[in-house]
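Listed below are the residues making up each chain.
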Amino acid sequence: MGQLALLAATVGLLAGCSKKTEVKSPVVAEVGGRPIELREVTDYLETLYINYPTADAELDIRRRYLNKLIEEQLLVIGGYSQAMDADIGILELVDREKDKFLLDELFRTEVLDKATVPESAMREAYDHWFDRIQPMHIMVESKELADSLMARVNAGEDFGDLAEKYSVDQGTALRGGDFGREFRWGELLAPLQELAFSLGEGETGGPIQTDFGWHIIRVSKRSKVESRPYDSLKTQIETVLKRQYQERRRLEQLDEIRTRANVVLKPDGVTVLRQVAPGLADTVPAEISSYYNIPEESLAPEAKEAVLATYGTDGTVTVEQFVKTFNSRDAGARPDLMDEEDIRETAFQVALYDLLREEALKLKLDQAPLYKERLREFQEKLIADKMRTTLISRNVRVTNEDIRAYFDANPDSFITPKSYHVREVLLNDQATAENILREAQRGASLEKLAEKNTMRPGFRKNGGDLGWVLPDRYPSIYEFAQTMKVGEVGGPVPGVGQYSVIEVLDVRDPQPRPFEEAQNAIFDRLEKLRTDSVITAYKDSVSVLHPVVIYDEVLRSNLAAPKTDSVGTQAGRV
């Protein structure tokens, strides 16, 4: 049920899982003797999923983030001097969030640390590493329906029409089953991967089953990228495959917990649930029953408290708990209330948080050094935030007179620059972008090409119309548009792992902004300038007693080389 996330990225049992391990990292800086490890910088930067064009670019980002960490440590030192570690509000927040950190530790020890990728799997991935496929799929809930649809595809019916009508993966169904981009080995769920990469361009295969349902796969396009030696790619391959192995281990752990939980439905509770569900009333067809919320406010006390299921030794799931979960889900992800297996699985999901917490405590993870460290780091972040807020509220004031004076003193700062009305087709590879450009230059409508091909989320419906482009938004497109005339199509404009073909629809000359329009921007600018000044003065005063030492050679160590094989790995906007 619901939308399918085919990218097998690591999905934590709860959001916010840490990537840290207990392995020590080199110290990159000290603040009053308090160490900052290099991994604190690199772990954060890895979450940005950026492939840097040069080592200097990565070093610059590292340095900026390190400065933020240093600032935070200086604020923490000030907070401790004011006994903020005993602040009731901060302690309550830490207590409220501690279970999330405990489950992060469970995820680390039971999933991340156990998801090792064998050399044989990396070698197999290398054999496919330079192949690219663009898949389409139809996902349904039963093999019978999948078999029927496969027969209709084989008989010549349009794959896209069938996907749009029958696929329960709503995200791809709207595009006729198309995932909208190319994939490489290691990015698809394992059962689909073997099938999809065995298909030629235009071929269809299946049905095949995953945890999400039954799939029919079609490969609409195949291509290859330039090959590279195995040793130069081994680390990258392992990183990609590790996501699959982590997801596989996560599902294994859930199965283990599900088995131990032994969720048992209580017939009386099931009867109560079905009685309060308006989707099962005679006036509502069963096939659309999941679109109707169960009215929580009208549940009688005895209905709320009715036990729907038991688990473990003494755990219970009430009808009220089940109803809250049911109503919080999209219609396509809700259980069928006439299917006891669906009800049992949803009851397990309701109980899962407590089951995971129980598992973590059984493993004594509340005593783990990394758990205690992360809890302390969270508390210190709250201390730093409160210190920052306190300093700003005490020392930063921006009046209407300040805003007017700044506007009068800086008239040239409040001019809207020249802007370009741009239509764009965003593609994932240069060759495709060049083909689109040639089509447009031969007279094809870029609007129609964008409706069919652009990869920018949400822009197909308006034919790739980006509106008025300014220097601070889509800077590379703005720079390229400056070389074009109205009505001209040009490109490809390189972005971060993507390419844009653009058309300039109109040009607007620079215009002065009236005071009324500039007020908010001036307020923000003055507030930031004064805030930065206050924080800098504070840091300078604290660092006199608590010196800051940066180990530049550590900061420069292990900088990533520029990546050339970047399809599907870079993130960012053009």
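Residues numbered from 1 in each chain as written. Predicted model: local features only at pLDDT ≥ 70, side-chain atom pairs only at ≥ 80, totals over all residues. Heavy atoms only, no water.

**Things to note about the overall build of the protein**
Broken down by element type, the protein carries 20 helices and 15 strands. Oriented by its inertia axes, the alpha-carbon framework of the protein measures out at about 70 × 70 × 55 Å. The 574 residues of the protein split such that 43% are buried. By sequence separation, contacts in the protein at least 24 residues apart represent 75% of the contacts at least 6 residues apart. (Helix = DSSP H or I, 4+ residues; strand = E, 2+ residues; numbered from the N terminus. Buried < 20%, exposed > 50% of the residue type's maximum accessible area, 1.4 Å probe, protein only. Contact = heavy atoms within 4.5 Å.)

**Some thoughts on the sheet that holds strand S5 (residues 213–224)**
With antiparallel pairing, three strands are arranged side by side in an open sheet as S3-S5-S4. Looking at the sheet topology across the chains shown, the edges are occupied by strand S3 (131–140) and strand S4 (204–210). Neighbour-to-neighbour, the strand axes of this sheet turn through a mean angle of 35°, independent of strand direction. Inspection of the sheet shows S4 paired to S5 by five bridges, in the antiparallel sense. Paired with Gly205 across the strands is Ile217, a residue of S5. The strands touched by helix H5 (residues 143–154) are S3, S4 and S5; relative to S4, the strand with the most contacts, the crossing angle is about 170°. (Pairing = 2+ DSSP bridges. Axes fitted to C-alpha atoms, helices over the stretch in contact; angles between N-to-C directions.)

**Some details on a nonpolar patch on the surface**
Together, Tyr44, Leu48 and Ile50 make up an exposed nonpolar region whose accessible area comes to about 230 Å². As for its placement among the helices and strands, Tyr44 is situated in helix H1 (residues 38–46). Tyr44 sits in the partly exposed class, given a relative accessible area of 35%. (Patch = residues over 30% accessible without salt bridge, like charges linked within 9 Å, V, L, I, M, F, W, Y side chains within 5 Å. Areas by Shrake-Rupley, 256 points an atom, 1.4 Å probe, with all protein chains shown as cover. Salt bridge = Lys/Arg side-chain N within 4 Å of Asp/Glu carboxyl O.)

**Considering the side chain of Thr454**
Along the chain, the position of Thr454 falls in the loop between helix H17 (446–453) and strand S11 (465–469). A residue is classified by how much of its surface remains accessible, and Thr454, at 2% relative accessible area, is buried. A distance of 3.0 Å separates the side chain of Thr454 from the backbone nitrogen of Leu426, its partner in a polar contact. Other than its neighbours up to four places away in sequence, Thr454 contacts Glu424, Val425, Leu426, Leu449, Phe459 and Arg460. (Polar contact = N/O pair within 3.5 Å; in protein donor to acceptor, adjacent residues only side chain to side chain.)

**Looking at helix H13 (residues 340–362)**
In H13, a bend of some 50° at Ala351 exceeds every other bend along the element. All of the buried residues along H13 are Ile343, Thr346, Ala347, Phe348, Ala351, Leu352, Leu355, Leu356, Glu359 and Ala360. Between the side-chain oxygen at the start of H13 and the backbone nitrogen of Glu341 there is a gap of 2.9 Å, and the oxygen is on Asp339. Two residues or fewer after H13 comes Lys364, characterised by a positive phi angle close to 60°. (Bend = angle between axes of the 7 residues up to and from the residue.)

**So, the environment of Glu447**
Assignment of secondary structure puts Glu447 in helix H17. Overall, Glu447 belongs to the partly exposed group, its relative accessible area being 33%. Once the C-alpha coordinates of Glu447 and Val425 are considered, the two residues, 22 residues apart in sequence, prove to be 8.4 Å apart. With sequence-adjacent residues up to four places away left out, Glu447 is seen in contact with Arg423 and Gly463.

**Let's talk about the sheet that holds strand S1 (residues 27–31)**
If you trace the three strands from one edge of the open sheet to the other, you get S2-S1-S15, paired in antiparallel fashion. On the outer flanks of this sheet lie strand S2 (34–37) and strand S15 (548–550), each paired with one strand and no other. In this sheet, adjacent strand axes meet at a mean angle of 20° when their direction is disregarded. Across four bridges, the pairing between S1 and S2 is antiparallel. Within the sheet, the bridge partner assigned to Glu30 lies in S2 and is Pro35.

**Here we look at the environment of Val422**
Mapped onto the fold, Val422 is located in strand S10 (residues 419–427). With relative accessibility at 0%, the residue Val422 sits in the buried group. In the structure, Val422 is positioned 82 residues away from Val504 in sequence and 4.8 Å away in space, judged by C-alpha atoms. Not counting chain neighbours up to four residues away, the residues in contact with Val422 comprise Gly464, Asp465, Leu466, Gly467, Val469, Ile477, Ile502, Glu503 and Leu505.

**Here we look at the environment of Glu182**
As for its placement among the helices and strands, Glu182 is situated in the loop between helix H7 (170–173) and helix H8 (190–198). What makes Glu182 buried here is its relative accessible area of 6%. Along the primary structure Glu182 and Ile133 are separated by 49 residues, whereas in three dimensions their C-alpha atoms are 5.3 Å apart. Within the structure, the side chain of Glu182 is placed 3.5 Å from the side chain of Lys221, a separation counted as a polar contact. Here Ser223 takes part through its side chain, which lies 3.2 Å from a polar atom of the side chain of Glu182.

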